[in-house]
Structure formats: structure tokens, C-alpha cells
Amino acid sequence: MQIPATRLDQIANRFAELEARMASGTLEGEEFVQASRDYAELEPVAKIASEVKAMREEIAGLEEMLADPEMKAMAEDELASIREALPEKERQLAIALLPRDAADAKPAMLEIRAGTGGDEAALFAGDLYRMYERFAAEQGWTVEPVSMSASEVGGFKEVVANVTGAGVFAKLKFESGVHRVQRVPVTESGGRIHTSAATVAVLPEPDDVDVNIDPGDLKIDTYRASGAGGQHVNTTDSAIRITHEPSGIVVTCQDGRSQHKNREKAMQVLRARLYEQQRDAAQGAEAEARKAMVGSGDRSERIRTYNFPQGRVTDHRIGLTLHKLEEVLAGPGLGELVDALIAEDEGKRLAALAE
């Protein structure tokens, strides 16, 4: 997809303007914060645009050199090389110019729940949580548990965590859906392979200004926490249940010793769920287009199978199979899947723009 020369000039002029504003020393407060964000977002685009412009200008100069018999052979060799490289550079620029999801730069709320499969599903939910923890550590992100409901055999019936860092939602948003595991459970004496599942939901965490919650819409209940956590947790009314009555969303949190802390964490989850609900409503007209991309992000959609006997992971949305199950669960291999999903989404959006 060839970007017009006038568009390249617009990008260069806008970036130069931002550079001048940042260097002026006159920006303060929110104005400085916004300019910094704009600069960081535009800088990689401006770099690629500059490279495309330079390559085009070099082609034009080499084409003029073809008229000189002494320079023709050298010019032809260089022309062939640049003409071969230019389409990929222009594609990179087209991808960089694609409209971005406003939530891509936000932190995310990661929710994992055991699905069909009983105890084995809870164990698998624990495996998935550790996989995302390791992947997050590689990315330089921070994972903070918000709520955990442990299974008696290990793993989790449900775990909710806040993931913060650069570009969290952009990289994790395609993880939402049903993750299926095929393996011999530790409790299976006959060696039979079982199929279990866990659901993953990745929700962008909003800023305070993104979601306005009326305290009058909330029903807040306190109760005594149950399960592991020590005597204090089990003998005081520290657990919190918040019901947002207009939407029917219910959030519980009982992991902390402090009722205040549990309430704070529950509100954090509620804001994320309400924000995602608002995003879904706003993007209603684009729903079919989103499904035609890598996936709708619907947690009811089976997206991936982890097959232990064959040591493989298959992402059903893009038909990609990796025979490196241990590496995926250890974190590094997940990056390969994430990158492939992002590339597929970008490719399909580019094709849609070209139509």
C-alpha cells in the first residue's frame, strides 16, 4: 500500500512541531503529559515515514543516473536492491498508520476461570496464570493478584489479576476466549487423556475519567471470608461483594485482610468490566468486522488447544501450531503466538482498507 508523498510530509511536519514544543520548555502539567504521549506515539511512525521518503528520493536519483553510461551498471544494482526493499518498508508504514484501539496502551485486568473438567480444569487455570505471569515478567510488566479462589487440589477455580506496564492490553487482548487442554490428569490411574478447559478474559483497565460510577447504583455487602488465608481472614467480615445494579455486574473480593483493601480491589475490577461493557456498546457497529479479524475476543469462543501428549499448542483462529508446549507455558513461546496474532490482525485490517 503506497502512502502519498503529501502524507509523508504531513507526518514529518507534525513530528517537527511536536519536537519544537517539547524542546521549548514552556509546557507544564497536563499539556506536557499529552504532548509527551503524542510524541511517543508519533516517533516510530515518523522514523519509518522518513525512511520511506529517503528510499523514494534515492530511487529518483538513481533513475537519473541511468542516463550516464559510466554510472548505469552501478545505478541498476542499487535500484534493484532499493526497489526490492521499499514495498516492505511501505507496508510497515501502512501498519503503523492503522487506527489504534484507544485501549491498547492501557493496563489490563486478567481473569481466568476453571471451566469444564472439574479438578483438572482448576489445575489448568493455574498453569495458564503462571504462563501469563512469566510472559509478563519477560515484558517488564507487573502482575498483582486482585482476587484468588484456590482449588483444593491446587490451581484456581478463579483468579483475577491486574497487569500493568507498556502496551499490556495491545499484546494480551487476543487471549480472551476458551483455552482447552488435553492431557492425562494426575488423578487418572488408567492413563486416559482428558479434555478440560478454562476461560480467559482480558479487560482494559480504564482511567478514572473513563468510567463514571454513581455510588447510588452500588449495593455493597460485607461477609466473612472463607478458605485459606489464616485465622484473621476467616473470622472477620473483611470480604466484599459489590453489585452494580444498572448493569447487574457482581464483583467479590475476599483475599485481603482489610475490608477497605478488598473494596478498593473490587471497585478496580468493576470499573474494568463496566469499561469493557461500554466499549462493546460503542463498537457494536464494528462487531462483525472484529469477528472477521483474529477473533471477537468473546470468552465463549474456543481459541487454543494445549495438547500435552503431542507437546503442541494450536491457535485455532489463525491455524498456527507450535510443537513447543513447554516453551509456551514457560512464557517465551507465548510471545511467538502473541506476535502471530497481532500480525494476522494487522494484515487483515490492511487488506480491508485496500478494498
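Rules behind the numbers
Residues numbered from 1 in each chain as written. Predicted model: local features only at pLDDT ≥ 70, side-chain atom pairs only at ≥ 80, totals over all residues. Heavy atoms only, no water. Pairing = 2+ DSSP bridges. Helix = DSSP H or I, 4+ residues; strand = E, 2+ residues; numbered from the N terminus. Axes fitted to C-alpha atoms, helices over the stretch in contact; angles between N-to-C directions. Parallel < 35°, antiparallel > 145°, perpendicular 65-115°, else oblique. Contact = heavy atoms within 4.5 Å. Salt bridge = Lys/Arg side-chain N within 4 Å of Asp/Glu carboxyl O. Buried < 20%, exposed > 50% of the residue type's maximum accessible area, 1.4 Å probe, protein only. Core = buried A, V, L, I, M, F, W, Y, C linked by side-chain atoms within 4.5 Å. Polar contact = N/O pair within 3.5 Å; in protein donor to acceptor, adjacent residues only side chain to side chain.

Asker: I would appreciate a short explanation of the sheet that holds strand β4 (residues 177–183) in the present structure.
Answerer: Within a sheet, each strand pairs with its neighbour through backbone hydrogen bonds, oriented either parallel or antiparallel. On the basis of which strands lie adjacent, the open sheet formed by eight strands has the order β2-β3-β1-β5-β4-β9-β10-β11 and mixed pairing. Of all strands in the sheet, those with a lone pairing partner are β2 (142–150) and β11 (320–322), marking the two edges. Adjacent strand axes in the sheet meet at a mean angle of 15° when their direction is disregarded. As paired strands, strand β9 (residues 302–307) and strand β10 (residues 312–315) are joined by four bridges and run antiparallel to one another.

Asker: Can you walk me through the packing of helix α4 (residues 119–139) against helix α10 (residues 332–354) in this structure?
Answerer: Describing two packed helices takes the angle between their axes plus the distance from one axis to the other. Between α4 and α10, whose axes approach to 9 Å, the crossing angle comes to 80°. Looking at the two axes, α4 sits roughly perpendicular to α10. Counting all contacts with α4, which are made through Met131, Tyr132, Phe135 and Glu138, the residues of α10 involved are Pro332, Leu334, Gly335 and Val338.

Asker: Help me understand the sheet that holds strand β8 (residues 249–253), please; the structure alone is not making it clear to me.
Answerer: Taking strand neighbours across the sheet as the criterion, the three strands line up as β6-β7-β8 in an open arrangement whose pairing is antiparallel. Only two strands of the sheet have a single partner each, and these edge strands are β6 (218–223) and β8. In this sheet, neighbouring strand axes are inclined to one another by 15° on average, regardless of whether the strands run parallel or antiparallel. In this sheet, β8 lies alongside strand β7 (residues 239–244) in antiparallel orientation, the contact comprising five bridges. Note that in β8 the partner of isoleucine 242 across the bridge is valine 251. Helix-sheet contacts for helix α7 (residues 259–282) involve β6, β7 and β8, and the interaxial angle to β8 is about 150°.

Asker: Even after reading the chapter, I still don't get the pattern of salt bridges, so can you show me in this structure?
Answerer: Counted by the stated rule, this structure contains 25 salt bridges. Of the charged contacts in the structure, one is a salt bridge between aspartate 221 and arginine 241, with a shortest N-O distance of 4.0 Å. Residue aspartate 221 is located in strand β6, and its partner arginine 241 is located in strand β7; the two are separated by 20 residues in the primary sequence. Given the relative accessible area of 31%, arginine 241 is considered partly exposed. One salt-bridge network, held together by shared partners, links Glu111, Arg113, Glu158 and Arg273.

Asker: Please explain the nonpolar core as it appears in this structure.
Answerer: Nonpolar side chains in soluble globular proteins tend to end up buried together. Core analysis: the biggest nonpolar cluster contains 55 residues, and Ile112, Leu128, Met131, Tyr132, Leu270 and Tyr306 have the highest contact counts within it. Of all the elements, α4 adds the most residues to this core, at eight residues. Apart from residues no more than four positions distant in its own chain, tyrosine 306 is found in contact with Phe124, Leu128, Met131, His179, Arg180, Val181, Gln182, Arg312, Val313, Leu325, Val328 and Leu329.

Asker: I'm lost on the environment of lysine 89 in this one. Help?
Answerer: For lysine 89, the location among the structural elements is in helix α3 (residues 69–96). Taking the C-alpha atoms as reference, lysine 89 lies 7.3 Å from isoleucine 48; in sequence the two are 41 residues apart. The contacts of lysine 89, once residues within four sequence positions are left out, are Ile48, Glu51, Val52 and Met55. A polar contact is formed between the side chain of lysine 89 and the side chain of glutamate 51, at a distance of 2.9 Å.

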